[in-house]
Amino acid sequence: MGKKKGVKNPWADHLTRKAKKEKYPARSVYKLEEIQEKHRLIRPGDRVLDLGCAPGSWLLYAAKKAGRAGQVTGVDKKKVTVNLPENARALTGDALEPDSPVFAQIEGCFDVVLSDMAPATTGRKEVDAARSYALCMAALAVARGRLRAEGRFCCKIFTGEDFTQFIDSVKTAFADVTIYKPKSSRKASKEIYIIAKGRKKEEDDNVGAQQMVDDQA
Ligand SMILES: C[S@@+](CC[C@H](N)C(=O)[O-])C[C@H]1O[C@@H](n2cnc3c(N)ncnc32)[C@H](O)[C@@H]1O
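Predicted, not measured: the structure shown is a model, and the values here were computed from it.

Conventions we followed
- Residues numbered from 1 in each chain as written.
- Predicted model: local features only at pLDDT ≥ 70, side-chain atom pairs only at ≥ 80, totals over all residues.
- Helix = DSSP H or I, 4+ residues; strand = E, 2+ residues; numbered from the N terminus.
- Contact = placed C-beta atoms within 7 Å.
- Buried ≥ 20, exposed ≤ 12 C-beta atoms within 10 Å, placed from the backbone.
- Axes fitted to C-alpha atoms, helices over the stretch in contact; angles between N-to-C directions.
- Parallel < 35°, antiparallel > 145°, perpendicular 65-115°, else oblique.
- Nonpolar A, V, L, I, M, F, W, Y, C, P; charged D, E, K, R; others polar.
- Pairing = 2+ DSSP bridges.
- Right-handed = clockwise from strand over helix to strand, strands pointing away.

A. Highlighting the overall build of the protein chain. Secondary structure assignment for the protein chain yields seven helices and seven strands. Counting helices and strands in the order they occur from the N terminus, the protein chain gives α-α-β-α-β-β-α-β-α-β-α-β-β-α. Summarising the internal contacts of the protein chain: among those between residues at least 6 apart in sequence, 65% fall at separations of at least 24.

B. Broad picture of helix α2 (residues 29-39). Of the residues making up α2, those classed as buried are V29, Y30, K31, L32 and I35. Looking one or two residues beyond α2, the residue adopting positive phi is R40, at roughly 45°.

C. Representation of the packing of helix α5 (residues 125-146) against helix α6 (residues 163-173) in the model. Close contact between α5 and α6 brings their axes to 11 Å; oriented N to C, the two are set at 5°. With respect to α6, the element α5 is oriented roughly parallel. Counting all contacts with α5, which are made through Y133, C136, M137, L140 and R144, the residues of α6 involved are F166, S169, V170 and A173. A class-by-class count of the residues in the contact of α5 with α6 yields seven nonpolar, one polar and one charged.

D. Structural detail: unusual backbone geometry. Cis geometry marks the peptide bond from A54 to P55; its omega dihedral reads 5°. Within the element layout of this structure, P55 appears in the loop between β1 (47-51) and α3 (57-66).

E. Local environment of the pairing of β1. For β1, a buried count of five out of five residues is recorded, marking the element as mostly surrounded by other parts of the structure. Because side chains alternate across β1, one face comprises the buried residues R47, L49 and L51, and the other comprises V48 and D50, equally buried. Where β1 lies against strand β2 (residues 71-76), five bridges are found, and the strand directions are parallel. Bridging across to β2, L49 finds its partner in T73. As a crossover connection, the stretch from β1 through α3 into β2 is right-handed.

F. Layout of the sheet that holds strand β7 (residues 191-199). Read from one edge to the other, the open sheet built from seven strands follows the order β3-β2-β1-β4-β5-β7-β6, with strand pairing classed as mixed. Edge strands, defined here as strands with exactly one partner in the open sheet, are β3 (88-92) and β6 (174-180). Sheet twist, expressed as the mean angle between neighbouring strand axes with direction ignored, is 15°. Taken together, the five bridges between β2 and β3 define a ladder with parallel strand orientation. Each bridged residue has a counterpart across the sheet, and for V75 the counterpart in β3 is L91. Of the strands in this sheet, β1, β2, β3 and β4 (110-115) touch α3, which is tilted by about 165° from β2. Its contacts with the sheet put α6 on β5 (147-158), β6 and β7, and the angle it makes with β6 is roughly 145°.

Printed below as a string of structure tokens:
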């Protein structure tokens, strides 16, 4: 049954007002805040990569948590127009294209890779879930290539028939994998977050990224 027109969700309205008051461009920031409070993903001094960063709420929040010694880089197909602090930047590009020039602008390894990427929804749950799965696999590939050993990964997925397969893929690369539904995520929404910690060392791990770090040292 579809959502009734004109029926408001007071909780969502409350979070939208709160985000506006706290100068975040989207209320999605409160999902990351809940994840952070529970899982302590971002630590002072961290290098963070935020995939699907527009309009910029997670970027702003991650920049606060990483602090002045940290650095946050966002990537999105859409341009981020919100003003960012000195320790954050947003690049425009498509995360589904690993050879996109955007990734050539991103140097070195990260402590945290976040992905809040979501496809434009069609209303057909199986189509949306399949597109979300493709974005998640792209995010996981970036995490595998760019995360330091012991690094952390957080990824949104729309649950569907590929969900278990995605979890299995994450488990091959991380020691500790948790599924988490923030309270600030609508109950009716199929979105859920995968929190993965303890990036395992793999053969030919981070070779390109580590080389760049070594070259800069
Ligand atoms: C829910 S929004 C992210 C909100 C963001 N975390 C925030 O707090 O402001 C999902 C984003 O994923 C982006 N996205 C979808 N497909 C993408 C892709 N292939 N590459 C990069 N970004 C993508 C969309 O453009 C959209 O801005």
